[in-house]
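The residues making up each chain are set out below.
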Amino acid sequence: MRLSKSFTIEPDISNYVEETKGKRSASDRVNELLRRAILEEQHERLEAEARQFYAVSESNRAESKAMQKASIRTFGRD
């Protein structure tokens, strides 16, 4: 289902849509561009989330080294 909405578009964007729409309607072209932009933004958010998740901070590094030392001592006892 499509909703009829009204948005203000800058002239250079409108020109780009007209030049690239081909035989489709301008609305179809705008929807296509918006879908692509949404996907791009979602990927950027996921990448930022992954960078944050895998970031190594000094406190994490100290905790990891302490865990490694404890593990080595435990294996040494066995």
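Residues numbered from 1 in each chain as written. Predicted model: local features only at pLDDT ≥ 70, side-chain atom pairs only at ≥ 80, totals over all residues. Heavy atoms only, no water.

Engineer: Got a sec to walk through the overall build of the protein? Specific residues and values, please.
Structural biologist: Tallying secondary structure elements over the protein gives three helices and zero strands in all. For the protein, the succession of helices and strands along the chain, N to C, is α-α-α. Taking 12 Å as the expected radius of gyration for a compact globule of 78 residues, we find that the protein reaches 26 Å, considerably beyond that expectation. Projected onto its principal axes, the C-alpha coordinates of the protein cover approximately 75 × 25 × 20 Å. Put simply, the protein has 78 residues, and 3% of those count as buried. Only carbon and sulfur atoms are counted for the fraction: they give 54% of the accessible area of the protein, which is about 7700 Å². Taken together, the 15 basic and 14 acidic charged side chains of the protein have centroids lying 5 Å from each other. (Helix = DSSP H or I, 4+ residues; strand = E, 2+ residues; numbered from the N terminus. Rg over C-alpha atoms; globule rule 2.2 N^0.38 Å. Buried < 20%, exposed > 50% of the residue type's maximum accessible area, 1.4 Å probe, protein only. Areas by Shrake-Rupley, 256 points an atom, 1.4 Å probe, with all protein chains shown as cover. Lys, Arg positive; Asp, Glu negative; His and termini not counted. Charge placed at Lys NZ, Arg CZ, Asp CG, Glu CD.)

Engineer: Go over the environment of phenylalanine 75 with me, naming the residues and quoting the values.
Structural biologist: Structurally, the position occupied by phenylalanine 75 is in helix H3 (residues 58-77). In this structure the C-alpha to C-alpha distance between phenylalanine 75 and asparagine 15, which are 60 residues apart in sequence, comes to 69 Å.

Engineer: Residues and numbers for a nonpolar patch on the surface, please.
Structural biologist: A contiguous nonpolar surface patch, about 330 Å² in accessible area, is contributed by Phe7, Ile9 and Ile13. For isoleucine 9, a relative accessible area of 43% translates into the label partly exposed. (Patch = residues over 30% accessible without salt bridge, like charges linked within 9 Å, V, L, I, M, F, W, Y side chains within 5 Å. Salt bridge = Lys/Arg side-chain N within 4 Å of Asp/Glu carboxyl O.)

Engineer: Provide a residue-level description of the pattern of salt bridges, including the pertinent values.
Structural biologist: Applying the stated criterion to the full structure yields five salt bridges. When the shortest N-O distance is used, the salt bridge between aspartate 28 and arginine 2 registers 2.7 Å. Separated by 26 residues along the polypeptide, aspartate 28 in helix H2 (residues 26-54) and arginine 2 in the segment before helix H1 (11-20) bring together distant segments of the chain. Look at aspartate 28 and you get partly exposed, because its relative accessible area is 29%.

Engineer: Could you give an account of a positive patch on the surface, with specific residues and numbers?
Structural biologist: Side chains of Arg61, Lys65, Lys69 and Arg73 sit close together on the surface and give a patch of like positive charge. Of note, arginine 73 is situated in helix H3.

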